[in-house]
Amino acid sequence: MTDAASWPARQAVPVLRQSVVQASALLRSWSRDPGIVVQSIVFPVFLLLMFQLVLGKTVTSMGGGDSIFGNTGLVALVGALFGTLATAISLIHERDTGLLARMWTLPVPRPGFLVGRLLAEAVRTGIATVVLFAVAIPLGFRFEQGIAAGIGAVLVAMVFAVGIAVPVIAMATVASGRQAVQQLNGFFLLLLFFNGGFAPVSEYPGWLQPVVRYQPMTPAIDTVRGLTEGGPVAEPLAITVLWTVGLIIVFGPVAFRGYRHAAERR
Amino acid sequence: MTTAVGHAPTSSSPSTTMPRSSVGLVPATATLARQKISAAIRSGDVVFAVFGPVVFFLCFYTPLHRQFELGGGNYAQFLTPIILLQAGLFTAITATESAGQDARAGVHERMMSLPIPRVAPFFGRMAWVVVRMGLTLGGGLAIGCALGFRLQGTIVESLVFVALVIVFGLALSMVTDAIGTVARNSVSIASVLMIPQLILVMASTGLVTAPAFPAWIQPFVRNQPMSVYADALRALAAGTDLEFTAVVLWSVALLAIGGAAMVIAGRAQVKR
């Protein structure tokens, strides 16, 4: 009788709280993984320094604004892209060691696992973007449109990160392994160079310009540029949101099924 | 029982089995090299070796060639050497991962229990490095030539061009192979090695000429090994004269460091 009285009543965990707990656990473990820290923050910082040092003058002279704004936006997204590959590797590791299966048995709402993961990706990108902005300021980066717009620019990178993380999680869990993640590496490399932040869109061959202009990175970079240096915001922001929503609609169900499969496999 | 033991040597079985003898260096290395190559085919590393330089070439060439060619000159001719050298760096980074996988999976312990020369596994891995450099040279030269790169020097100069790229990749891979063998968490090391790779490739005279850099960093840019190699390769491709002392010194130094690293890693392996 005393046992029954001291045993707390079972009650449902709200999905939001479950997501936040999941996200903070992931962020803590990611912060201890040198591979993830390097790919999310350290590598982008060096990439920004090198792009500015080597190509900064050349790209600025091509027209289309000071290259530091385009490069900072670009590199913030690069951190999101390559960081999410590193977290996908750790997701595969969690699956192989059975951690996902253990978590799956907890009496919590299961969508929370995926929501928490995406939340963690967004926060990871937000932190990395703030670090990058701090590094970019001595190189000539300024919040010309005010601090509020600057915070908006960080949020844009976070929205982009969520959109990109969904297909990567789908890939990592459905296609059973590192191989698929490494192939994404090559694809992301193309995105890195063929966008409006690396060089003005007009520098690319004519038949390629529509691809360069509307691939997911260019609108996000343009939004970051608009919110910091100045320029149009509404249209690129709308395209960025459209990309994120579209990627979630298309790959969300695949990612959810893949995650379930990964957690239930053993 | 004593009779059984006594009979054993006279029974027919010892005469049919070969006496134990150690395997020579060449057959052992050939077998291990073949095993490495088939593993690379299975893992898809072969595809990356060929198409890696192609992708990087297009990534730099497409947005930058117009601006470069405004000042005269052929950007494909200018860019190809650094793309091949970068492919050498990637080969070295892959070597770290591969050596680390072997170290973690206990492959080295198994190898040491076999009657093969102790250096055979190392030579086997390096044989794959040379093959990979050959593949990567093929990919890089194919895309370069398609967009206007030409080896205009003599046959000898062209052969030295190819040899220099292979020596560069091989010497660096000797160092990174040793690092991967000794350090266990080679996946993290490989992602950390991407940073020196980035600095060496970008802050060199491979992508833009030295005057495009700020004055304070120019001494580094001009003299770092990637620039030295890129300048030498460019001269060999164009068939012009160049002072080759620097590149020869760098090659000898890199090979010496690689050899030393290999010996140190080999000793650490035996002690463990």
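Everything quoted here is computed from the prediction, not taken from an experiment.

An account of the overall build of chain A is requested, with residue identities and associated values reported.
Check the secondary structure of chain A and you find 11 helices and zero strands. Mapped in sequence order, the helices and strands of chain A form the string α-α-α-α-α-α-α-α-α-α-α. Taking 2.2 N^0.38 as the reference for a compact globule, 266 residues should give roughly 18 Å; the C-alpha atoms of chain A span a radius of gyration of 20 Å, in line with that estimate. Along the first, second and third principal axes, the C-alpha set of chain A runs to 80 × 40 × 35 Å. With 266 residues in all, chain A has 53% of them scored as buried.

Outline the overall build of chain B, listing residues and values.
Along chain B, the regular secondary structure elements total 12 helices and zero strands. Each helix and strand of chain B, ordered N terminal to C terminal, gives the series α-α-α-α-α-α-α-α-α-α-α-α. Dimensions along the principal axes, computed over C-alpha positions, put chain B at roughly 95 × 35 × 35 Å. Accessible area of chain B: about 13,000 Å², with a carbon and sulfur share of 71%.

Explain the side chain of Gln224(B) to me, using residue names and the numbers behind them.
Checked against the element boundaries, Gln224(B) lands in the loop between α10 (218-223) and α11 (225-238). Non-local contacts of Gln224(B), meaning those with residues more than four positions away in its chain, are made with Ile199(B), Leu200(B), Ala203(B) and Ser204(B).

Lay out the packing of aromatic side chains with the relevant residues and their values.
By the definition in use, this model includes 24 aromatic pairs over all chains. When the ring of Phe51(A) is compared with that of Phe198(A), the centres are 5.2 Å apart and the planes differ by 65°; the resulting orientation is edge-to-face. On the criterion of sequence distance, the pair formed by Phe51(A) in helix α3 (residues 34-61) and Phe198(A) in the loop between α8 (178-193) and α9 (209-214) is long-range, its members being 147 residues apart. Of the residues examined, Phe51(A) reaches a relative accessible area of 2% and is grouped as buried. Each ring, one from Phe57(B) and one from Tyr61(B), has its centre 5.5 Å from the other, and the planes form 20°; the classification is stacked. With Phe57(B) and Tyr61(B) both in helix α4 (residues 45-70), this residue pair falls four residues apart, about one helical turn. Like Phe57(B), the residue Tyr61(B) is buried in the burial classification.

Residues and numbers for a nonpolar patch on the surface, please.
Residue and element names in this part refer to chain A. Residues Val15, Leu16, Val20, Leu119, Val123, Ile127 and Val131 make up a contiguous nonpolar surface patch of about 550 Å² in total accessible area. Contributions of two or more residues to the nonpolar patch are made by α2 (15-31) and α6 (111-136). Here the nonpolar patch gets four residues from one element, more than from any other, and that element is α6. Note that Ile127 resides in helix α6.

Account for the interface of chain A and chain B, with residues named and values stated.
The figure often quoted for interface size is the accessible area lost as the parts come together. On the chain B side, the residues contacting the 29 residues of chain A number 27 residues. Both sides of the chain A and chain B interface together cover about 2,600 Å² of buried area, and 77% of this is carbon and sulfur. Scanning the region where chain A abuts chain B turns up zero salt bridges. The interface formed by chain A and chain B includes two residue pairs in polar contact (both at pLDDT 80 or more).

Describe the pattern of salt bridges, and please don't skip the residues or the numbers.
All names here are of chain B. The full count for this structure, using the stated rule, is nine salt bridges over all chains. One salt bridge in this structure joins Asp231 and Arg234, with 3.5 Å as the shortest N-O distance. Here Asp231 and its partner Arg234 are both found in helix α11, three residues apart, which amounts to about one turn of the helix. Looking at Arg234, the relative accessible area reads 16%, which means it is buried.

Outline the UniProt feature "transmembrane region" (unreviewed entry) in chain B, listing residues and values.
What UniProt calls "transmembrane region" (unreviewed entry) maps, in this numbering, to residues 46-64, 76-95, 126-149, 155-175, 187-217 and 244-265 of chain B. Annotated as 100% helix and 0% strand, the span residues 46-64 of chain B places its first and last C-alpha atoms 28 Å apart.

Which residues make up the state of the cysteines, and what are the values?
Residue and element names in this part refer to chain B. As enumerated under the stated definition, the model contains zero disulfides over all chains in all. Here Cys59 is not disulfide-linked; the sulfur of Cys145 is the nearest cysteine sulfur, at 19 Å. Relative accessible area serves as the criterion here: at 0%, Cys59 is assigned to the buried category.

Describe α2(A), with residues and values.
All names here are of chain A. Here α2 is 17 residues long and its end C-alpha atoms lie 24 Å apart, about the 24 Å a rise of 1.5 Å per residue gives. By the burial criterion, the buried members of α2 are Gln18, Ser19, Gln22, Ala23, Leu26 and Trp30. All buried residues of α2 lie within an arc of 130° about the axis, which places them on one face of the element. Among the structural elements, α3, α4 (67-96), α5 (99-104), α6 and α11 (234-264) are those in contact with the buried residues of α2.

Could you give an account of the confidence of the model for chain B, naming the residues involved and the relevant values?
Residue and element names in this part refer to chain B. Mean pLDDT over chain B works out to 86, with 92% of the residues at or above the 70 mark. Model confidence for chain B, summarised as mean pLDDT per element, is weakest for helix α1 (residues 2-7) at 44 and strongest for helix α7 (residues 120-146) at 93. Counted against residues more than four places away or in other chains, residues 1-12, with its pLDDT under 50, gives two contacts. Predicted complex, confidence summary: ipTM 0.80, pTM 0.84.

Tell me about the environment of Ala28(B), and please be specific about residues and values.
All names here are of chain B. Here Ala28 lies in helix α3 (residues 25-43). Exposure remark for Ala28: the relative accessible area of 5% places this residue in the buried category. Distance in space between the C-alpha atoms of Ala28 and Ala120 is 6.1 Å, their sequence separation being 92 residues. Beyond its immediate sequence surroundings of up to four residues, Ala28 is in contact with Val23, Ile116, Pro117 and Ala120.

So what's going on with the side chain of Ser67(A)? Residues and values would help.
Residues and elements named next belong to chain A. As for its placement among the helices and strands, Ser67 is situated in helix α4. For Ser67, the side chain forms a polar contact with the side chain of Thr60, separated by 2.9 Å. Those residues in contact with Ser67, other than ones at most four positions away along the chain, are Gln52, Gly56, Val59 and Thr60.

Account for α3(B), naming residues and giving values.
Residues and elements named next belong to chain B. The end-to-end C-alpha distance of α3, which contains 19 residues, comes to 27 Å, matching closely the 27 Å that a straight helix rising 1.5 Å per residue would cover. Turning to α3, its buried residues number three or more, namely Ala28, Thr29, Leu32, Ala33, Lys36 and Ala40. Seen end-on, α3 carries its buried residues on one side only, within an arc spanning 125°. Looking at α3, the residues exposed on the side facing more than 90 degrees away from the buried face are Arg34, Ile41 and Arg42. Where α3 is buried, its residues meet α4, α5 (75-104), α6 (107-112) and α7. Looking one or two residues beyond α3, the residue adopting positive phi is Gly44, at roughly 85°.

About the criteria used
Within every chain, residues take consecutive numbers counted from 1 along the sequence as written. Whichever chain is written first is A, and whichever ligand is written first is 1; the rest continue in order. Note on the predicted model: pLDDT of at least 70 is required for a residue's local features to be given, and 80 or more for side-chain atom pairs to be given and counted; whole-chain, interface and lining totals, by contrast, use all residues. Excluding hydrogens and water, the side-chain values take into account all heavy atoms of the structure. A run of H or I in DSSP counts as a helix once it spans at least four residues, and a run of E counts as a strand once it spans at least two, with each numbered from the N terminus. In this setup the radius of gyration rests on C-alpha atoms only. A globule is expected at 2.2 Å times the number of residues raised to 0.38. To sort residues, take the accessible area from a 1.4 Å probe on protein chains only and compare it with the maximum for the residue type: under 20% means buried, over 50% means exposed, and anything in between is partly exposed. Residue burial considers only the protein chains on display, and all accessible areas are found by Shrake-Rupley using a 1.4 Å probe. Note on contacts: a residue pair is in contact if any heavy atoms of the two residues lie within 4.5 Å. Ring pairs shown here join Phe, Tyr and Trp side chains whose ring centres sit within 6.5 Å, with only the six-membered ring taken for Trp; geometry is labelled stacked below 30 degrees between planes, edge-to-face above 60, and tilted in between. For patch detection, residues must exceed 30% relative accessible area and be free of salt bridges, and they are connected within 9 Å for like charges or within 5 Å for nonpolar side chains (Val, Leu, Ile, Met, Phe, Trp, Tyr). By definition, a salt bridge exists where a carboxyl oxygen of Asp or Glu is found within 4 Å of a side-chain nitrogen of Lys or Arg. Each of two parts loses accessible area, computed with a 1.4 Å probe, when they are put together; buried area is these two losses added. Throughout this description, a polar contact denotes any pair of N or O atoms lying within 3.5 Å of each other; where both atoms belong to protein, one of them has to be capable of donating a hydrogen while the other can accept it, and for residues adjacent in sequence the pair is counted only when both atoms sit in side chains. UniProt positions are given in the numbering used here, feature names are shortened, and annotations may be inferred rather than shown by experiment. Here, the term disulfide refers to a pair of cysteine sulfur atoms separated by no more than 2.5 Å. Working rule for helices: expected span equals 1.5 Å times residues minus one. Think of the arc as the fan of directions from the helix axis to the C-beta atoms. For every residue, the predictor assigns a confidence score, pLDDT, that lies between 0 and 100.

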